[in-house]
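Remarks on the overall topology
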Amino acid sequence: MAKLPVVRTRTVLRRTLAHIRARGETIALVPTMGALHRGHLVLVQLAKRRAKRVVVSIFVNPAQFAPHEDLSSYPRTLAADLAALAALKVDLVWAPSVAQMYPEGFATQIIPAGPATVGLEDTFRPHFFGGVATVVAKLFLQVAPDSAVFGQKDYQQLKVVTAMAKDLDIPVKIIGAPTVREKDGLALSSRNAYLSAAERAVAPTLYRVLKECAAHLIAGKSMAATLADGCAAIERAGFAVDYLEARHAETLVPIASVKNGPIRLLVAAKIGKTRLIDNIAV
Ligand code: AMP
């Protein structure tokens, strides 16, 4: 098998991508924080159908973690990640160090608004979207991909990144990939590794409740009662709910009724020390 190039400096990245571009080949980028699971690999497969060459970035971005969050304990499984990406015949892995991404004196931040300030993840993780928008803008400028694939699992992030690329005139096509789930419905996430056996057993409640809420809304049950009952069911399973909300699927603004849709239902909840998010279309 051809060796998978793992690039660690901007200089080598630029040189390697210049060769690809000189041949007129298209590039799709899949940004990740590593600890790859089947959800990430589906994004890679989608990217392969979109472009001749696929670049996967692996970078645990300190800028999107608050001081009390899990930056130091975030799972890092580089050897297994590289083996999985080699098996999929990815063309290049961009795995910069923190010093490569944020050299001494780094001083410029992107502050996204619009979908980044609608009162969902941004309320509970005020650092998050500034860090995401900044690092993703840098990745887009470093790699200059024709397209980039993001998961709908992180639905608000997908909207923030799409708005950022459009607002900054970065010529990249953003592709949203459907959420990959375990058989019992739990959305795959690198953070699922934190769950104890007991927590893992109740974790599919989130998806089950989202589906129940969607069915109730379609059947005409009121928004307020649907969401209140959904929250109660999630809390009964042992979660502390950050939010369970129905939002406009494009703008993410609050929505009063199914008639004003399309609706996206979004949830974030903590079980033990682990915070999980999920969402579905109605
Ligand atoms: P992360 O490494 O968690 O930052 O995720 C990297 C990319 O993979 C993001 O675009 C995520 O939305 C996407 N992703 C993570 N989990 C899933 C999943 N279960 N299904 C689809 N995409 C996912």
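Let me sum up the structure you'll find in this document.

Reading the values: rules and limits
Residues numbered from 1 in each chain as written. Predicted model: local features only at pLDDT ≥ 70, side-chain atom pairs only at ≥ 80, totals over all residues. Heavy atoms only, no water. Near = heavy atom within 4 Å. Polar contact = N/O pair within 3.5 Å; in protein donor to acceptor, adjacent residues only side chain to side chain. Areas by Shrake-Rupley, 256 points an atom, 1.4 Å probe, with all protein chains shown as cover. Helix = DSSP H or I, 4+ residues; strand = E, 2+ residues; numbered from the N terminus. Nonpolar A, V, L, I, M, F, W, Y, C, P; charged D, E, K, R; others polar. Pairing = 2+ DSSP bridges. Axes fitted to C-alpha atoms, helices over the stretch in contact; angles between N-to-C directions. Contact = heavy atoms within 4.5 Å. Buried < 20%, exposed > 50% of the residue type's maximum accessible area, 1.4 Å probe, protein only. Salt bridge = Lys/Arg side-chain N within 4 Å of Asp/Glu carboxyl O.

What to know about the site of the ligand
Around the ligand sit 17 residues in total, of which Met33, Gly151, Asp154, Val180 and Leu188 are the nearest. His40 is positioned with one of its side-chain polar atoms (N or O) 3.0 Å from an oxygen atom of the ligand. In the model, a nitrogen atom of the ligand is placed 2.8 Å from a nitrogen or oxygen of the Val180 main chain. Protein coverage of the free-state accessible area of the ligand, which is 480 Å², stands at 93%. Elements with a contribution of two residues or more to the shell around the ligand: strand 2 (27-32), helix 2 (38-50) and strand 5 (147-151). The element that contributes the greatest number of residues to the shell around the ligand is helix 2, accounting for three residues. Here the residues of the shell around the ligand are counted per class, giving eight nonpolar, seven polar and two charged.

Observations concerning the sheet that holds strand 9 (residues 274-281)
Strand order in the open sheet formed by three strands is 7-8-9, and the pairing between neighbours is antiparallel. With one partner strand each, in any of the chains shown, strand 7 (240-248) and strand 9 form the two edges of the open sheet. Taking each pair of neighbouring strands and ignoring which way they run, the sheet shows an average axis angle of 10°. Bridge analysis of strand 8 (residues 263-271) against strand 9 gives eight bridges, and the strand direction is antiparallel. If you follow Ala269 over to strand 9, its bridge partner there is Leu276. Along the sheet, helix 10 (residues 223-236) makes contact with strand 7 and strand 8, crossing strand 7 at roughly 150°.

What to know about unusual backbone geometry
Residue Pro262 is reached from Gly261 by a cis peptide bond, and omega for that bond is 10°. Relative to the elements of secondary structure, Pro262 occurs in the loop between strand 7 and strand 8. We note that Ala144 has phi near 45°; this positive angle belongs to a residue other than glycine. With respect to the secondary-structure elements, Ala144 resides in the loop between helix 6 (128-143) and strand 5. Its identity is not glycine, yet Leu252 carries a phi of approximately 70°, on the positive side. Residue classification places Leu252 among the buried positions, given a relative accessible area of 0%.

Structural notes on the pattern of salt bridges
Under the defined criterion, the tally for this structure stands at 14 salt bridges. One salt bridge in this structure joins Glu25 and Arg53, with 2.7 Å as the shortest N-O distance. Placement of the pair is Glu25 in the loop between helix 1 (10-22) and strand 2 and Arg53 in strand 3 (residues 53-58), with a sequence separation of 28 residues. A relative accessible area of 13% means that Glu25 is categorised as buried.

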